[in-house]
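If you want the building blocks of each chain, they are given just below.
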Amino acid sequence: MAKHSPLKTAASFIFIIVLVIGLSTVSNRIWGGRPEASAKPGELVIEPGMTIARFGQVNELPDPVLKEIFGLENKADLQKELQAYGSTGQIAALVKGKLALAAEHAGKNWIKIPIKFGLWFAFLASVFILMARRKVTPGLRNGVLFASFMLFGVILGADPSPMGTVKDAIHLYATSHVIFPPRMIALVVFLAIVLLANKYICAWGCQAGTLQDLLFRLNRTDQAKAVIGRQIKLPFALTNTIRCAFFLLFTLVAFSSGLDIIDPIDPFKIYKPADLGLSGALFAGMLSLACLFVYRPWCHLFCPFGLVGWLMEKTSLVRISVDYESCIACGKCAAACPSTVMGAILKRDRKTIPDCFACYTCREVCPTAAIRFSTRRRTLPPAGHFGKSPQ
Ligand code: SF4
Ligand code: SF4
């Protein structure tokens with residue numbers, strides 16, 4: 001069979017989706033199917049003159065939980081008046097917040113999380129070293145992307161994820177007015193990676209991002225031509241407007257009604273097939289198909305971390321830049337770039353540089369090694385450097 005053919009692309013696409021769903025089902029069983037979503041505390045019954053002990057009985061809260069919530073020192077404290085802790089609204093907020101934090105804590109797999117972060121660091125560092133040697137080939141890149149989502153998605157599961165740190169933090173705060181400290185630490189770690197090396201975590205570590213990336217590349221020849229149909233570069237003004245609007249909508253709905261509008265279509269649930277549901281399965285199917293024709297549609301159109309990471313990458317220490325001394329203005333990098341980033345960089349467009357996923361495709365095709373992934377600042381191309389506008 002030819003190296004790239006429509007039949008091979010279609011077969012590889014189906015194989016990967018079936019493999020991910022099949023093995024994720026097995027993996028979830030092995031990890032014990034521990035629920036990682038937090039349980040929502042129901043409506044609390046608070047009556048005038050209630051003691052803490054009575055409050056516990058009515059709301060089915062055991063003594064150790066009451067002790068934790070109200071900071072009780074001994075059993076006699078259970079007879080304290082509930083009103084001593086504030087108004088009905090304040091007590092409800094206190095209890096709901098503490099219960100939400102306890103549910104978050106109980107819902108996490110504390111064995112898996114440190115393993116996953118340790119492997120993330122080791123994996124990203126290895127990719128960085130590998131790519132720094134400038135020996136990247138499309139085959140090698142596909143192998144790394146495959147290894148990434150198999151490890152961080154299929155084997156280690158949907159949680160934690162870069163997106164979850166932003167989405168769940170907003171939703172938890174909106175519904176319970178609390179912040180879950182371990183999640184904030186994870187968010188800081190992910191953002192620190194963005195500050196250090198562009199969207200490296202999205203490029204090579206995110207389980208949803210690497211899967212989308214590989215599906216896109218299945219439908220591409222080494223010369224960046226589509227195998228089936230056409231691959232489209234959507235204008236950044238359009239994708240980013242949709243992403244901002246979706247982020248605002250998600251936040252507004254979470255604060256006004258407590259609903260999580262991402263949850264029913266969360267693409268990370270492909271690694272938790274039992275939780276997908278009908279809407280999730282339909283959306284995951286459509287998104288996977290879209291990946292063949294558009295580069296990382298979820299990242300560009302919907303992902304909250306994608307948006308936050310795009311803002312942060314403006315100050316990244318290490319990022320893609322072009323050395324215009326050796327650049328011969330052939331435009332091959334912009335043509336090969338799966339999105340509109342390299343075109344924007346070459347167009348002297350400093351304000352609206354789209355998300356760069358540090359995928360190295362541009363660097364790989366440059367005939368004069370003029371593209372760097374380094375701490376050197378991006379400079380503007382000299383006026384008139386490009387005879388005609390790059391793609
Ligand atoms: S932008 Fe894409 S790669 Fe980054 S966290 Fe979101 S889904 Fe993952
Ligand atoms: S091809 Fe280059 S500019 Fe385009 S996303 Fe990849 S690394 Fe960034």
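Residues numbered from 1 in each chain as written. Chains lettered and ligands numbered in written order. Predicted model: local features only at pLDDT ≥ 70, side-chain atom pairs only at ≥ 80, totals over all residues.

(A) Quick peek at the overall build of the protein chain. Each helix and strand counted, the protein chain has 17 helices and two strands in total. In terms of overall dimensions, the protein chain has a C-alpha envelope of 80 × 45 × 35 Å along the principal axes. Counting the 391 residues in the protein chain, one finds 38% classified as buried. (Helix = DSSP H or I, 4+ residues; strand = E, 2+ residues; numbered from the N terminus. Buried ≥ 20, exposed ≤ 12 C-beta atoms within 10 Å, placed from the backbone.)

(B) Representation of the nonpolar core in the model. Core analysis: the largest hydrophobic core is formed by 69 residues, its most contacted members being Cys-333, Met-342, Ala-358 and Cys-362. The biggest single contributor to this core is helix H6 (residues 138-155), with seven residues. A domain split of this core shows at least three residues from each of domain 1 (6-34 + 109-311) and domain 3 (318-374). Ignoring anything within four residues of it in the chain, the contact list for Cys-333 reads Met-342, Cys-362, Val-365, Cys-366 and Ile-371. By size, the runner-up hydrophobic cluster in this structure holds twelve residues, among which are Ile-52, Ile-69, Val-95 and Leu-99. (Core = buried A, V, L, I, M, F, W, Y, C linked by C-beta atoms within 7 Å. Domains from an automatic or database assignment. Contact = placed C-beta atoms within 7 Å.)

(C) Just the pairing of strand S2 (residues 371-374), in detail. Alternating residues of S2 divide into Ile-371 and Phe-373, all buried, and Arg-372 and Ser-374, none buried. Here four bridges tie strand S1 (residues 319-322) to S2, and the two strands are oriented antiparallel to one another. Paired with Arg-319 across the strands is Ser-374, a residue of S2. (Pairing = 2+ DSSP bridges.)

(D) Here's a closer look at the domain arrangement of the protein chain. As assigned here, the protein chain comprises domain 1 (6-34 + 109-311), domain 2 (52-106) and domain 3 (318-374). Centre-to-centre separation of domain 2 and domain 3, based on C-alpha positions: 57 Å.

(E) Structural context of the site of ligand 2. Around ligand 2 sit Ile-320, Cys-337, Ser-339, Val-341, Met-342, Cys-356, Phe-357, Ala-358, Cys-359, Tyr-360, Thr-361 and Cys-362, and that is every residue in its neighbourhood. When contributions to the shell around ligand 2 are tallied by element, the ones reaching two or more residues are helix H16 (341-346) and helix H17 (361-365). Classifying every residue of the shell around ligand 2 by side-chain character gives ten nonpolar, two polar and no charged. (Near = placed C-beta within 6 Å. Nonpolar A, V, L, I, M, F, W, Y, C, P; charged D, E, K, R; others polar.)

(F) View of the packing of helix H7 (residues 162-176) against helix H11 (residues 236-257). It is at 7 Å that the axes of H7 and H11 come closest, and there the two elements cross at 25°. The angle between H7 and H11 falls in the class roughly parallel. Read as a crossing pair, H7 and H11 show a hand that is right-handed. Contacts from Ile-170, His-171, Ala-174 and Thr-175 of H7 reach H11 at Thr-251, Ala-254 and Phe-255. (Axes fitted to C-alpha atoms, helices over the stretch in contact; angles between N-to-C directions. Parallel < 35°, antiparallel > 145°, perpendicular 65-115°, else oblique. Left-handed = near helix turned anticlockwise from the far one by under 90°.)

(G) Summary view of the site of ligand 1. Inspection of the region around ligand 1 gives 13 residues, with Cys-202, Cys-206, Gly-209, Cys-299 and Gly-306 positioned closest. At the level of elements, H7, helix H10 (207-218), helix H13 (297-301) and helix H14 (304-312) are the ones that each hand at least two residues to the shell around ligand 1. Top element by residues in the shell around ligand 1 is H14. It accounts for three residues.

(H) Fine view of the environment of Phe-13. Relative to the helices and strands, Phe-13 resides in helix H1 (residues 6-30). Among the residues examined, Phe-13 registers 19 C-beta atoms within 10 Å and is labelled partly exposed. Sequence-distant contacts of Phe-13, defined by excluding residues within four places in its chain, comprise Leu-215, Leu-218 and Leu-292.

(I) Local environment of unusual backbone geometry. Across the junction of Asp-159 and Pro-160, the peptide omega takes the value -10°, indicating a cis bond. Residue position: Pro-160 is located in the loop between H6 and H7. Phi angles above zero are rare outside glycine, and Ala-329 is one such case at about 60°. Along the chain, the position of Ala-329 falls in the loop between S1 and helix H15 (332-336). A count of 16 C-beta atoms within 10 Å places Ala-329 in the partly exposed class. Residue Ala-358 is not a glycine yet carries a positive backbone phi of 50°.

(J) Main features of H10. Its twelve residues place the ends of H10 17 Å apart at the C-alpha level, agreeing with the 16 Å of an ideal helix rising 1.5 Å per residue. Within H10, twelve of the twelve residues are buried, leaving the element largely enclosed by the surrounding structure. Taken together, the buried positions of H10 are Gln-207, Ala-208, Gly-209, Thr-210, Leu-211, Gln-212, Asp-213, Leu-214, Leu-215, Phe-216, Arg-217 and Leu-218. Each element contacted by the buried residues of H10 is listed here: H1, H6, H7, helix H9 (200-205), helix H12 (277-291) and H13. (Expected span 1.5 Å × (residues − 1).)

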